[in-house]
Amino acid sequence: MVSIVVVRRVKPVPYFIVPILALLIGIGVSIVILFFLTGYMVQPMDVLVSIWIGLSQPNVIANIFLILTIVGFSLAMSFKGGIYNIGGEGQFWMAAWTIVWLVFTTPIIVSQAPLVSKLIVLATGFIAGFAWGFLAGILRGYVGVDEVPLTLMMNYVAYYLIDWLVMLPGRPWRDIYGYAKTRSLPQTLQYSIIPGTTVSVEMILVTIVIGVLIWLILDFTRLGLTIKIHGSNVNLLRSAGYSVPLTAALALALSGGFIGVAGVVYLSGVTPSIRIPVETSTSGFGYLGILVTWLSMLELFAVPIAAYVVSSLYNAGFTLMAIKGTQQAGVTAGVTNVFIGSVLLTYALLITISEYEIRIVW
Amino acid sequence: MDAAFTGFLDIMISSAGLFVAFYLMALGHSIVEKSGILNLAIDGMFALSATLAFFADVYYGNDLLKSFLLSAVVVAFFGLFMAFVLTKFPVSHGAVGLSLMFLMYGLSSVIGYGPRIVQATMSNFSPGISLSLKERIAGYLIMVALSVFAYWFIEKTKIGVSIKASGEDPAAAEALGVNVLASRLVAAAVGFTMIGLGGAAYMNFYVRLWDERAVILSGYGWLAFSIALSGGRHPLVVLLTSFIFSILVHSSLQLVAWYGISRELSYSLPFIVAIISMTIYMATPLRRLLASPKSLGRIYFREERTV
Amino acid sequence: MEKSSQRIFSSNPSPKTPIIKVDNIVKRFPGAVALENVTVEFYEGTIHAILGENGSGKSTLVKILSGIYTPDEGAIYYKGKKVTIDNPIKALSLGISMVSQSPVLIERLTVAENLMLGLKQLGVFASPKSVLKLFEEIMDKIGIKVDPEEDVWKLTYTQRQLVEIARALMLGSKVIILDEALTYLPLEERRKFYRYLLEFKSKGGLAILITHKIPEAFEVSDMITVLRRGKHIGTVKTSETNYDAVREMMFAERAKEITLERLMDGVPGETVLEVRDLWVKNDFGTYALRGISLEVKRGEVLGLAGIVGNGQVELAQALMGLRSVERGSIIVYANGRSYVKPATKTLREIGVGYIPDQPLSHGVSIDYGLRENIAVMPGYTGPFIKWGRLTKLAREFIEVLTIVTPSPKTPLKYLSGGNLMKSLVARELDLTKNALVAYNPTRGLDEVTSIKVRRMIKEKVVKDKIGVLLISEDLDEIFQVSDRIAVINEGKIVGLFDAKSASREEVEKLMVM
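Residues numbered from 1 in each chain as written. Chains lettered and ligands numbered in written order. Predicted model: local features only at pLDDT ≥ 70, side-chain atom pairs only at ≥ 80, totals over all residues.

Draft legend 1. Structural detail: the overall build of chain C. A tally of regular secondary structure across chain C gives 17 helices and 20 strands. Dimensions of chain C, computed from C-alpha atoms along their principal axes, come out at roughly 75 × 45 × 45 Å. When each of the 513 residues of chain C is scored for burial, the buried share is 50%. Considering only residue pairs separated by 6 or more positions, chain C has 69% of its internal contacts joining residues 24 or more positions apart. (Helix = DSSP H or I, 4+ residues; strand = E, 2+ residues; numbered from the N terminus. Buried ≥ 20, exposed ≤ 12 C-beta atoms within 10 Å, placed from the backbone. Contact = placed C-beta atoms within 7 Å.)

Draft legend 2. Summary view of the packing of helix α2 (residues 44–56) of chain A against helix α13 (residues 303–324) of chain A. Residue and element names in this part refer to chain A. For the pair α2 and α13, the least separation of the axes is 7 Å and the interaxial angle reads 130°. Regarding the angle of α2 to α13, the classification is oblique. Note that α2 runs across α13; the crossing there is right-handed. Taken together, the residues of α13 that come into contact with α2 (itself represented by Asp46, Val47, Ser50, Ile51, Ile53, Gly54 and Leu55) are Ser311, Ser312, Leu313, Asn315, Ala316, Thr319, Leu320, Ile323 and Lys324. (Axes fitted to C-alpha atoms, helices over the stretch in contact; angles between N-to-C directions. Parallel < 35°, antiparallel > 145°, perpendicular 65-115°, else oblique. Left-handed = near helix turned anticlockwise from the far one by under 90°.)

Draft legend 3. Up close: the interface of chain A and chain C. Listed as interface residues are 19 residues of chain A and, on the opposing side, 28 residues of chain C. Mapped by element, the contributors of at least two residues to the side of chain A that touches chain C are β1 (3–8), α8 (222–232) and α9 (234–239) of chain A. Within the side of chain A that touches chain C, the residues separate by chemical class into 8 nonpolar, 7 polar and 4 charged. (Nonpolar A, V, L, I, M, F, W, Y, C, P; charged D, E, K, R; others polar.)

Draft legend 4. Fine view of the environment of B:Ala214. Residue placement: B:Ala214 occurs in helix α10 (residues 212–216). The spacing of B:Ala214 and B:Tyr23 is 191 residues in sequence and 19 Å in space, taken between C-alpha atoms.

Draft legend 5. The sheet that holds strand β6 (residues 96–100) of chain C, seen in detail. Residue and element names in this part refer to chain C. The 6 strands are arranged β6-β7-β8-β3-β9-β10 in an open sheet whose pairing can be described as mixed. Two strands lie at the open edges of the sheet, namely β6 and β10 (231–237), each paired on one side alone. The mean inter-strand angle of the sheet, taken between neighbouring strand axes irrespective of direction, is 20°. Note that β6 and strand β7 (residues 175–179) share 5 bridges and pair parallel. (Pairing = 2+ DSSP bridges.)

So this is what it looks like as structure tokens:
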């Protein structure tokens, strides 16, 4: 009788092998799935070409890439703390909403010099994302509610809350023509796109600053160390005298704050208004970011690399739609989920072989 | 007073299909988790099973048997895969669950699109059937019977105790002679089949339409998750929590009509209540009385060395 | 007891064939080779002791026999035929069952539910009640009284071990392995099990007894196999050898360093830690401590002896502020003032050290290196971490305790168990300025390191005038290190002695009564 035995490796395998393999196999699996499920209409070549278009044209996906990098950095912070922040979507959109609300209800922000108002808005986004994350963090830390269903359901709450608030009649943020969206952010808050690209100087700067900040926090502050220890051994943290609930809450809140900044950057640099309903207009950065962070194996320097790949995958979904057309093959934006799911699943399975050896015994 | 009572009865009757769906999903999920497998894929499974049911309905002319069967078999297949991999290999339950969730969302998008187009060409077609009053009452009663059976199965039989043992401490269970893999596969076969049936019930008996919002973005799988959790994964208590939620979800749509609450706001209510109910469970003695399996979601690996 | 003429191993090819033979077994773990070409033969009708210090590989060997580990090289022969034991169920099917130091019964289930799990003769839909009769028969045989419908968490340690032996019997075991299962029980308790083991042996069964205590090996065994550093040193008949010869085999040249002689005396001063009428609950909501009162003085070691499960865990946690106190108080006297029921953070800041019972799970983070494990303690860093200073400190620890590690940054999971423990002890001893709560500080360590650690602790006690509460299930350790000895039983202090004049027998009696 053949049996499978799993043994811990004496020496671990180089860690970059897993993400690369996961990508290759995951994409392969997606190709197979799409081929068969669309009745052979989506050919492997179509998928590969779509992905290649994304990979080889950085300026097309650059804005998505930067936002995903920010989200990737932010999630790395919470995942390192052992807190699975699946609530990125909620934190992202609550931040976006907060600044829209503020901008259109108080004149203070807009009346400042552009640089100042942009900074205020970024800070506000951070606070909003932090608060939304902290709410979940408290329930997770002090009550022990599992953060995965909690933050996920808070995403839905955020979506619906914003849907409701935006469509309230007669409010200053409503679109003038009655379309299902908010008014666009004033010019002073919008980032100027570098001609020939999809990004702006501000976006690049913010991404770099956030990356450096998170690195400094995690590796050189006591707060960062407690978050990391929380992710490694909660009992040790407790016996060292730290408040475990507070650490958990802060890990969630901080990552929420930085994702909130991503939401602000999105509004200022990509689309200056919120479209309703949010749950269908969202690009799903909060979820895509999870893939980015996992593929980077929680190493900060690998986050941009993973973000680049994931933005190509995201773009591939749309390219596929353009090539195949929704009418023909039934390819909708939901296809991206097939990519995400396959790559993530392969990753989750393959990561075992980096630490463990699988032997067949008979 | 009478009006309120009949009003409540009306809601009970009209939400019967949703109750059946929620209970089947929550009970199946509970059985799976009692064996120690953390099931974060539940919302994806909900979307996929509802979509598959729709698919079968459109292409087989509302043949309900095929519809339920397709959903149950496909979800059970994914579930058995999950249970096998998570027991044999030291893989993260959360990671596998979430990735399957995304994959299933994607599959649902792709699978549902075709029948949706086809349905548009069929006049007067709705997936599923409209249940009669007798059938609705039967639905409630069948669920109660199912809960009693599930209780007996888990608490009073050797296989049930093996399943519980696998969820409490798989290493100890194995040393005691339990075939943890087999127990978890049995729990998976039973549990995930129920989840699949639940999603199909949602499509065929309740919502009876397919679009991304009603199915993939509804988040009802997560509601089922909270229903199971706050009911302590106990077959009888979950009956109660499923009931509360089916009434709540159904009437939140009514609240729009009665109190003029915005529709969007009413959509958020079930989730807010779900969060509150999970909080109540964790923050009160319920947490100890109806405790979760000690090794739920824990990676099972036998060769960990000791100091 | 009825006489049964049925032999346990009825179909053995010949009495000369060993029931079990392990042949050239090799097993490696990250950072260490646990077993190196070990070959041993076990015969029916024998009580066979495997003796070795911690880290010698004895536990690994029997875990291979019971299907928890698989060997990297080598083979296992059962009754002369080669077998692969790749999981515990396969072992059970061969009639091999194991009782280990920490009972394997599942706490939330009842005794009956636990017992029914391995019984093949019961159908899939059988009810837990079907075990009751069989269990009662066996209970009579071994001479214990346990209510099978009771939840396991309510049983004492000894009761759980007895239930496990009962289970081995119910399963019709032919080979019973006791992995340090009796090592921490007082002699009287062990005798209860020996009565049964002798009967088992007389029917032809094979009992394999694992221990690191030489006296235990001589108490009831017929054969002794000695392992040292993963190698088989020798197998002898118990009647043909003696303590010294075996010690020589176990420790070779280090035998001289190893002594169970009492370490230096402490110099008791003023009280540093006081516990008054403490009542603490366990995880299941019942009282683990019922009105404990203790005093630890500076310059002394107060040893707390007791069988595991009598409240030691809860006491250590309560003292360190990790478990809430229902009634009573804990007072620490330091810095010229008294701290009443201090919070964990305060305790660490004023310099109270803690060596927890399960160091891997409570004391260190194995994903990070020594320097991070130091930095996480209060007092070693401000809001911003200066790694230079901490790395230097880590290097000092590495030198003083000869910790084998590539660097202060290397994640601790790449260190061997012994070095991990040294890292923990180094950090805690450095942190300790007033008092130390140590629970089984040398469990799992090899003898030389154990003695080094105990010596370090006692030296610090005398030199820096700290007070140490040493909670240990190892009576040898208690007698070696303590100045005073207290005995805990069912959450109460039942005896307090001066270590030099205490009689071992009396202490053991109090542990059990």
